[in-house]
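Structural overview for review
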Amino acid sequence: MSQALARKDDAQADLVRGEFPFTGADFRAIAELLYAMAGITLPEHKATLVYSRLAKRVRALRLGSFQAYRALLDSPEGEDERMNMLAALTTNVTRFFREPHHFDHLRDHVIAPLADAVRAGRRLRVWSAGCSSGQEPYSIALTILGVIPEAARLDVRILATDIDPNVVATARQGVYSDEQVEPVPADLRQRFMERRGSDWAVGAAARSLVVANQLNLMGDWPMKGRFDVIFCRNVVIYFDESTQARMWSRFEPLLNPGGRLYVGHSERAAHPGSALVSDGLTAYRAPGVLA
Ligand SMILES: C[S@@+](CC[C@H](N)C(=O)[O-])C[C@H]1O[C@@H](n2cnc3c(N)ncnc32)[C@H](O)[C@@H]1O
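Residues numbered from 1 in each chain as written. Predicted model: local features only at pLDDT ≥ 70, side-chain atom pairs only at ≥ 80, totals over all residues. Heavy atoms only, no water.

1. Some points on the overall build of the chain
Of regular secondary structure, the chain possesses 12 helices and 12 strands. By sequence separation, contacts in the chain at least 24 residues apart represent 70% of the contacts at least 6 residues apart. On the chain, roughly 13900 Å² of surface is accessible, and the fraction owed to carbon and sulfur atoms is 51%. Of the side chains in the chain, 35 bear a positive and 34 a negative charge, and the two mean positions are spaced by 3 Å. (Helix = DSSP H or I, 4+ residues; strand = E, 2+ residues; numbered from the N terminus. Contact = heavy atoms within 4.5 Å. Areas by Shrake-Rupley, 256 points an atom, 1.4 Å probe, with all protein chains shown as cover. Lys, Arg positive; Asp, Glu negative; His and termini not counted. Charge placed at Lys NZ, Arg CZ, Asp CG, Glu CD.)

Below is the structure:
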């Protein structure tokens, strides 16, 4: 058999056996679309995961096959479904005060030193890029409120963005289960969150600090001014190496002098020509001093 024929056979063979045939060609077409849309790379060992998440979509849409599903994704009418596919394939795992050392660092090295200036009217801007369902930006808000309880009346904003509209909607609601709020330090929970039925709602002060919007990091970034702090944690880990480096090189000029960038535990904000210096565990500082 020629090599070309063998490749064709591979592409047509079932990669996952289930309710709908799922071939290598199906997997590659979906992986290419996800990469083009969000920069996320999908290795072939994730084929079973992709199948199980998307078979639900094929079933819900009564399409009967992945071939028909791909045809929908490729069509102009597929716009909504492309977003559903993306939402189904992104990993949204997050939790309050995840990697708690970042919040101690933020409190001690950024918020506390700037508190007097912020009280006197200085702008404080933080970006949680890839915020998932909101636990990260609200952990930032609670950290700020712990130092500056009156922050809601000052010029303090936390921009929270994610590509997945479902998690952005959850972030806007700001309501979490008992289990989800468990990592929130008791004093902050007591002062800045409130009971809502059997859940916890983020209180008005913390909510007013956070603005949640959908944003694809692969596209244009519409925001104007610079940030004192950027959190981009456990997001670029799904991107290939060159996309990761491009991301860090785009964040860096958006930091104020002395601004901080916090990245995920297995990430390193390295890119050619970077002036960022290491400032503790997976934390970086832009040259200059925050003032
Ligand atoms: C694992 S969560 C991390 C959440 C939070 N930063 C944390 O560390 O707990 C990754 C998030 O990145 C988002 N994401 C993936 N690709 C993205 C892109 N191209 N633009 C914006 N957000 C993206 C996903 O939707 C997901 O909510």
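Now that the structure is up, let's keep going.
2. Remarks on helix 7 (residues 135-147)
Between its terminal C-alpha atoms helix 7 stretches 19 Å, which fits the 18 Å expected from 13 residues at 1.5 Å a residue. For helix 7, a buried count of 11 out of 13 residues is recorded, marking the element as mostly surrounded by other parts of the structure. If you check which residues of helix 7 are buried, you get Q135, E136, P137, Y138, S139, I140, A141, L142, T143, I144 and L145. (Expected span 1.5 Å × (residues − 1). Buried < 20%, exposed > 50% of the residue type's maximum accessible area, 1.4 Å probe, protein only.)

3. Thoughts on the site of the ligand
Neighbouring the ligand are 22 residues; T94, R98, G130, D162 and N234 lie closest to it. Between the ligand and the protein, one listed contact pairs a nitrogen atom with a backbone N or O atom of R233 at 2.9 Å. In the model, an oxygen atom of the ligand is placed 2.8 Å from a nitrogen or oxygen of the N234 side chain. Relative to its unbound accessible surface of 610 Å², the ligand loses 99% to contact with the protein. Classifying every residue of the shell around the ligand gives 9 nonpolar, 8 polar and 5 charged. (Near = heavy atom within 4 Å. Polar contact = N/O pair within 3.5 Å; in protein donor to acceptor, adjacent residues only side chain to side chain. Nonpolar A, V, L, I, M, F, W, Y, C, P; charged D, E, K, R; others polar.)

4. Let's talk about the side chain of D228
By secondary structure assignment, the location of D228 is in strand 9 (residues 227-232). A distance of 2.9 Å separates the side chain of D228 from the side chain of R122, its partner in a polar contact. Residues within four places of D228 in sequence aside, it is in contact with R122, R123, L124, R125, L255, N256, G259, R260 and L290.

5. Comments concerning the sheet that holds strand 5 (residues 175-176)
Spatial strand order, 5-7-6: 3 strands in an open sheet with antiparallel pairing. What marks the edges here is a single partner per strand, and that holds for strand 5 and strand 6 (193-196). Direction of pairing for strand 6 relative to strand 7 (residues 199-202): antiparallel, over a ladder of 4 bridges. For M193, the partnering residue across the bridge sits in strand 7 and is V202. (Pairing = 2+ DSSP bridges.)

6. Thoughts on the pattern of salt bridges
Across all of its chains, the model carries 15 salt bridges by this definition. A salt bridge links D104 to R107, with the nearest nitrogen and oxygen atoms 3.6 Å apart. One end of the pair is D104 and the other is R107, both in helix 6 (residues 101-119) and 3 residues apart, which spans about a single turn. A salt bridge links D155 to R125; its shortest N-O distance comes to 2.8 Å. Placement of the pair is D155 in the loop between helix 7 and strand 4 (156-162) and R125 in strand 3 (residues 124-129), with a sequence separation of 30 residues. Residue classification places R125 among the buried residues on the basis of a relative accessible area of 14%. Here the salt bridges share partners, and the residues they tie into one network are D104, R107 and D108. (Salt bridge = Lys/Arg side-chain N within 4 Å of Asp/Glu carboxyl O.)

7. As for the sheet that holds strand 4
The 7 strands lie next to each other as 8-4-3-9-10-12-11, forming an open sheet whose pairing is mixed. Looking along the sheet, the strands with just one partner apiece sit at the ends: strand 8 (210-214) and strand 11 (277-278). Sheet topology note: the strand 4/strand 8 ladder contains 5 bridges and is parallel. Its bridge partner being in strand 8, A160 is matched across the sheet by A212. Along the sheet face, helix 6 touches strand 3, strand 4, strand 9, strand 10 (255-263) and strand 12 (283-285) and points at about 155° away from the line of strand 10. Against the sheet, helix 7 contacts strand 3, strand 4, strand 8 and strand 9, and its axis sits at roughly 155° relative to strand 3. (Axes fitted to C-alpha atoms, helices over the stretch in contact; angles between N-to-C directions.)

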